[in-house]
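# Topology and contacts: notes
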Amino acid sequence: MRFFERQETARAQTLRLLWLFGLTVIGLVLAVNAALAVTWRLVSPGFSGYPAYFFAVNTALTLLFVLGGWRLETSTLHGGGEKLARRAGAREAWPDSRDAEHQFCNIVQELAIAASMKAPQAMVLPRVESINAFATGWDHDDAVVAVTQGALDSLSRDELMGLVAHEFSHLREGDTRLNMRLAGMVFGLEMIFNLGSSLCDADEDGHRSFLALPGFAIKACGSLGWLAGRALRAAVSRQREFLADARAVQFTRSRDGLGGVLRKVAGQQAAGIARAGSPHPAVQHMLLVGPATGSRWFASHPPLAERIRRIYGRPMSALSTDTADGAATRPDAIF
């Protein structure tokens with residue numbers, strides 16, 4: 001795997017998508033102004049021009065809702081990585097009483113040295129039997145790496161190191177902070193849609209107010225902006241997953257660690273284990289392997305087969321995977 005080339009590609013794609021995210025906000029402002037301008041012409045008999053500061057007020061209110069919603073949503077995530085992890089059902093690791101958790105804590109310390117960063121807090125999701133993990137935190141001081149009990153039970157030491165290295169990449173590259181900020185921006189875009197919906201709602205007698213027409217215009221623009229924001233956020237997340245995969249190979253100098261993890265996850269999914277006891281929705285977009293979605297446009301994670309292909313340089317069908325128990329074949333049997 002040419003992990004340096006993969007990293008640069010993922011970073012460049014992320015930057016382009018973030019520019020598109022900014023253009024989406026600008027496009028939403030222009031669309032709201034255009035929609036309200038048309039509405040004003042329709043409802044104004046003998047149209048003779050727009051009121052003073054018409055477009056300035058529309059722009060200011062649109063940005064107020066978008067940026068205000070962004071601020072409101074991100075403020076709820078400012079409690080720290082540990083708080084969010086506990087909200088998802090995680091607890092601190094117990095290295096003194098459990099061998100698997102002792103090994104996990106050792107790996108966290110080793111990778112912190114390899115990555116030249118402060119060791120994050122090690123936590124465990126004890127009631128999740130599928131293989132998964134997530135990292136969270138605004139900075140290195142409140143960073144957390146949490147793994148599921150299924151990962152501790154099912155993975156070898158090299159695989160567990162590959163899994164944790166993937167999460168270290170998210171922390172090192174600032175992905176956890178970026179993800180939370182994008183979540184706030186999408187919420188802000190959704191608020192424009194909600195504003196339009198509230199203006200369209202009928203009163204208690206079932207009559208619509210004179211604000212229904214501009215409400216429909218704002219709702220239409222808001223829905224397009226919100227959907228575009230969700231799609232771009234998901235696209236950014238997918239590129240960061242590719243980057244984290246490449247970083248994990250770099251940190252561990254082995255593709256068989258993380259590659260073995262992803263192949264075991266594929267085996268669990270085939271056996272239906274991955275759907276049992278999935279982590280809390282608050283962290284699902286931060287997981288190593290996200291929930292299945294019906295649309296690739298809104299999927300926060302790339303397909304497992306594509307991630308495995310990029311790591312090994314060959315299709316997943318060319319690799320032997322035991323779908324009965326999710327165990328990957330030995331690397332020396334593959335190469």
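Residues numbered from 1 in each chain as written. Predicted model: local features only at pLDDT ≥ 70, side-chain atom pairs only at ≥ 80, totals over all residues. Heavy atoms only, no water.

### Some details on the overall build of the protein
Which entries qualify depends on this criterion: Working definition: helices are DSSP H or I runs of at least four residues, strands are E runs of at least two. Numbering for both runs from the N terminus. The contact criterion used is simple: two residues touch if any of their non-hydrogen atoms lie within 4.5 Å. For the accessible areas, the method is Shrake-Rupley and the probe is 1.4 Å, while residue cover comes only from the protein chains on display.
The number of helices and strands found in the protein is 10 helices and six strands. Looking at the protein alone, contacts between residues at least 24 apart form 73% of all its contacts between residues at least 6 apart. Entry remark: accessible area of the protein is about 16,000 Å², with carbon and sulfur atoms responsible for 57%.

### With respect to the packing of helix H6 (residues 157-172) against helix H9 (residues 255-271)
Threshold: Every angle, taken between N-to-C directions, lies between 0 and 180 degrees, and every axis is a line fitted to C-alpha atoms, over only the stretch in contact when it is a helix. Orientation categories follow fixed angle ranges, with anything under 35 degrees roughly parallel, anything over 145 roughly antiparallel, 65 to 115 roughly perpendicular, and all other angles oblique. Polarity classes work like this: nonpolar for Ala, Val, Leu, Ile, Met, Phe, Trp, Tyr, Cys and Pro, charged for Asp, Glu, Lys and Arg, and polar for all others, with Gly in that last group.
At a closest axis distance of 7 Å, the pairing of H6 and H9 adopts a crossing angle of 95 degrees. The angle between the axes of H6 and H9 places the two elements in the roughly perpendicular class. Here Asp158, Glu159, Gly162, Leu163 and His166 of H6 come into contact with H9, specifically with Asp256, Gly257, Leu258, Gly260, Val261 and Lys264. The class makeup of the residues in the contact of H6 with H9 is three nonpolar, four polar and four charged.

### Focus: the pattern of salt bridges
Inclusion rule: Every case where a carboxyl oxygen of Asp or Glu lies within 4 Å of a side-chain nitrogen of Lys or Arg is listed as a salt bridge. Exposure categories follow from relative accessible area, calculated using a 1.4 Å probe and restricted to protein chains: below 20% of the type maximum is buried, above 50% is exposed, and the middle band is partly exposed.
Per the counting criterion, the structure on display carries 14 salt bridges. Close ionic contact of glutamate 101 with arginine 91 constitutes a salt bridge, the shortest N to O distance being 2.8 Å. Of this pair, glutamate 101 sits in helix H4 (residues 99-114) while arginine 91 sits in strand E1 (residues 91-92), placing them 10 residues apart in sequence. Residue classification places glutamate 101 among the buried residues on the basis of a relative accessible area of 1%. A relative accessible area of 12% means that arginine 91 is categorised as buried. A salt bridge links arginine 247 to glutamate 173; its shortest N-O distance comes to 2.9 Å. With arginine 247 in helix H8 (residues 212-252) and glutamate 173 in the loop between H6 and helix H7 (175-200), this pair connects stretches of sequence that are 74 residues apart. For the pair shown, arginine 247 and glutamate 173 are each scored as buried.

### Some remarks on the pairing of strand E4 (residues 144-148)
Cut-off, in case you're wondering: Two strands qualify as a pair provided that DSSP identifies no fewer than 2 bridges between them.
Burial analysis of E4 places five of its five residues in the buried class, which makes it a mostly covered element. Inspection of the sheet shows strand E2 (residues 121-125) paired to E4 by five bridges, in the parallel sense. Following the sheet pairing, leucine 125 is matched in E4 by threonine 148. Across four bridges, strand E3 (residues 133-136) lies against E4 in antiparallel orientation. Among the inter-strand pairings, phenylalanine 134 is bridged to a residue of E4, identified as alanine 146.

### Examining the confidence of the model for the protein
Keep this limit in mind: Values of pLDDT, which run from 0 to 100, indicate the predictor's confidence residue by residue.
Here the protein shows a mean pLDDT of 83. Residues at 70 or above account for 84%. For residues 321-335, every residue scores under 50 in pLDDT, and the model assigns this stretch 28 contacts once sequence neighbours within four places are set aside.

### Digging into helix H2 (residues 54-75)
Note that an α-helix has 3.6 residues per turn; residues three or four places apart therefore point the same way. Quick note on the threshold: Under the convention used throughout, the expected extent of a helix is 1.5 Å for every residue step, that is, one less than its residue count. As used here, the arc is the angular range of directions from the helix axis to the C-beta atoms.
Between the first and last C-alpha of H2 there are 31 Å, a value that for 22 residues agrees with the 32 Å anticipated at 1.5 Å per step. Looking at H2, one finds that the buried residues are Phe54, Asn58, Thr62, Val66, Gly69 and Thr74. Down the axis of H2, the sector holding all buried residues measures 165 degrees, keeping them to one side. Of the exposed residues in H2, those oriented more than 90 degrees away from the buried face are Leu64 and Arg71.

### Focus on the sheet that holds E3
Strand pairing in a sheet relies on backbone hydrogen bonds, with the paired strands running either antiparallel or parallel. Taken in spatial order, the four strands line up as E1-E2-E4-E3 in an open sheet, and their pairing is mixed. The open sheet is flanked by E1 and E3, the only strands paired with a single partner. Across two bridges, the pairing between E1 and E2 is antiparallel. Within E2, the residue paired with glutamate 92 across the bridge is methionine 123. Along the sheet, H6 contacts E3 and E4; its crossing angle with E4, the most-contacted strand, is approximately 150 degrees.

### A few points about the nonpolar core
Side chains of nonpolar character tend, in soluble globular proteins, to be buried together. Note the following rule: What makes a nonpolar core is a set of buried Ala, Val, Leu, Ile, Met, Phe, Trp, Tyr and Cys residues whose side-chain atoms join them at distances within 4.5 Å.
Ranked by internal contacts, the top residues of the largest apolar core, which has 40 residues, are Phe104, Leu163, Val164 and Phe168. Sort the elements by how many residues they give to this core and H6 lands first, with seven residues. Excluding its chain neighbours within four sequence positions, the residues that come into contact with leucine 163 are Asn132, Ala133, Val147, Ala151, Leu155, Leu258, Val261 and Leu288. In this structure, Leu17, Val25, Leu182 and Cys221 belong to the second largest nonpolar core, which totals 21 residues.

### Focus on a nonpolar patch on the surface
Under the convention used in this document: A patch consists of residues whose relative accessible area exceeds 30% and which take part in no salt bridge; residues with like charges are grouped when within 9 Å of each other, and nonpolar side chains (Val, Leu, Ile, Met, Phe, Trp, Tyr) when within 5 Å.
A surface patch of nonpolar side chains, about 460 Å² in accessible area, is lined by Val38, Trp40, Leu42, Val43 and Leu213. Per element, the largest residue contribution to the nonpolar patch is four residues, and it comes from helix H1 (residues 3-43). Tracing the chain through its elements places valine 38 in helix H1.

### With respect to the packing of aromatic side chains
Selection criterion: Between 30 and 60 degrees the pair is tilted, below 30 it is stacked and above 60 it is edge-to-face, where a pair is any two Phe, Tyr or Trp rings, Trp via its six-membered ring, whose centres lie within 6.5 Å. The criterion for a charge sitting over a ring is simple: Lys NZ or Arg CZ within 6 Å of the ring centre, and within 35 degrees of the ring normal.
Inspection of the entire model under this criterion finds five aromatic pairs. Taking 5.1 Å as the distance between ring centres and 90 degrees as the angle between the ring planes, the aromatic pair formed by phenylalanine 54 and phenylalanine 55 counts as edge-to-face. By relative accessible area, which is 12% here, phenylalanine 54 ends up buried. Judged by centre distance (5.9 Å) and plane angle (25 degrees), the rings of phenylalanine 193 and tryptophan 226 are stacked. Of this pair, phenylalanine 193 sits in helix H7 while tryptophan 226 is found in helix H8, placing the two residues 33 residues apart along the sequence. Relative accessible area serves as the criterion here: at 21%, tryptophan 226 is assigned to the partly exposed category. Three or more aromatic residues link up through ring pairs in this structure, and these residues are Trp40, Tyr50, Phe54 and Phe55. When the ring centre of phenylalanine 298 is taken as origin, the NZ or CZ atom of arginine 230, which lies over that ring, is 4.6 Å away.

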